[in-house]
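Below, each chain spelled out in residue letters.
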Amino acid sequence: MINFNPISWRSQIARLEGAYAPSTIRSYYADVQVFVDWCETSNSVPFPASVSTVCSFLEAQGELRAPSTVRRRLYAIRKLHRLLELPDPTFDEDINLSLRRVRRKHAV
């Protein structure tokens with residue numbers, strides 16, 4: 001596993017102050033922390049994340065959380081990659097397919 005500096009992603013969230021509502025910033029922080037923790041337990045690299053890592057995370061979260069929560073966590077991962085100026089894996093078609101799987105599992 002490649003090491004990354006956990007301080008760097010936290011400091012990047014601080015850049016959002018004044019541009020986003022405090023509740024949005026708290027959500028980004030909490031959602032990215034869930035992703036980082038999941039990456040640690042699955043021996044995956046959170047930043048920059050691979051498409052397969054993000055897909056696996058989304059589908060694992062889909063087993064536990066509502067589709068809206070999973071989508072919000074995807075947006076947080078996307079925002080952090082942009083803030084860290086890293087290649088963004090979240091626009092890959094496989095990400096879209098993973099989200100569709102999550103939504104279909106929770107279809108009414």
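Read on for a plain summary of the structure. All residue numbers refer to positions counted from 1 along the written sequence of the respective chain. In view of the model being predicted, local features appear only for residues whose pLDDT reaches at least 70, and side-chain atom pairs are presented and counted only at 80 or more, with totals across whole chains, interfaces and linings using the full set of residues. Excluding hydrogens and water, the side-chain figures rest on all heavy atoms present in the structure.

Here we look at the side chain of Gln33
Numbering of helices and strands runs from the N terminus; a helix is a DSSP stretch of H or I covering at least four residues, while a strand is a stretch of E covering at least two. Note on placement: Gln33 falls in helix H2 (residues 22-41). For this analysis, residues touch if any pair of their heavy atoms sits within 4.5 Å. If sequence neighbours within four positions are ignored, Gln33 has contacts with Trp9 and Arg10.

Observations concerning a positive patch on the surface
A cluster of like positive charges, contributed by Arg71, Arg100, Arg103 and Arg104, occupies part of the molecular surface. With 3 residues, the single largest contributor to the positive patch is helix H5 (residues 93-105). Relative accessibility thresholds used throughout: buried, under 20% of the residue-type maximum; exposed, over 50%; partly exposed, between the two (1.4 Å probe, protein chains only). On the basis of relative accessible area, Arg104 is assigned to the exposed category, the value being 68%. Put simply, a patch holds well-exposed residues, over 30% relative accessible area, that have no salt bridge, with like charges counted together within 9 Å and Val, Leu, Ile, Met, Phe, Trp or Tyr side chains within 5 Å. Surface accessibility in these figures is a Shrake-Rupley result with a 1.4 Å probe; residues are shielded only by whichever protein chains are displayed. Just to be clear on terms, a salt bridge is a Lys or Arg side-chain nitrogen sitting within 4 Å of an Asp or Glu carboxyl oxygen. The charged-residue count follows a simple rule in which Lys and Arg add positive charge and Asp and Glu add negative charge, with His and chain termini not counted at all. To locate a charge, take atom NZ for lysine, CZ for arginine, CG for aspartate or CD for glutamate.

Side note on the packing of aromatic side chains
Within a pair of aromatic rings, the relevant descriptors are the distance that separates the centres and the angle that separates the planes. When the centres of two rings from Phe, Tyr and Trp lie within 6.5 Å, Trp using its six-membered ring, the rings pair. Their planes under 30 degrees apart give stacked, over 60 give edge-to-face, and anything left gives tilted. Throughout the structure, instances matching the rule amount to 5 aromatic pairs. Aromatic side chains Trp9 and Tyr29 sit 5.2 Å apart centroid to centroid with 35° between the ring planes, which places their arrangement in the tilted category. Taken as a pair, Trp9 in helix H1 (residues 6-14) and Tyr29 in helix H2 lie far apart in primary sequence, 20 residues in all. When its relative accessible area of 0% is taken as the criterion, Trp9 is described as buried. For Tyr29, a relative accessible area of 34% translates into the label partly exposed. With a centroid separation of 5.0 Å and 75° between ring planes, the pair formed by Phe35 and Phe57 is classed as edge-to-face. Highlighted residues: Phe35 in helix H2 and Phe57 in helix H3 (residues 51-64), separated in sequence by 22 residues. Note on Phe35: relative accessible area 0%, which makes it buried. Taking relative accessible area as the criterion, Phe57 reaches 0% and is therefore assigned buried. Grouping aromatic residues by their ring pairs yields a cluster made of Phe35, Trp38, Phe47 and Phe57.

Observations regarding the nonpolar core
Among the nonpolar cores identified, the biggest contains 25 residues, and Trp9, Val32, Phe35, Phe47, Val54, Leu58 and Leu80 are the most heavily contacted of them. Ranked by residue count, the leading element in this core is H2, at 7 residues. Throughout this description, the term nonpolar core refers to a set of buried Ala, Val, Leu, Ile, Met, Phe, Trp, Tyr and Cys residues connected via side-chain atoms within 4.5 Å.

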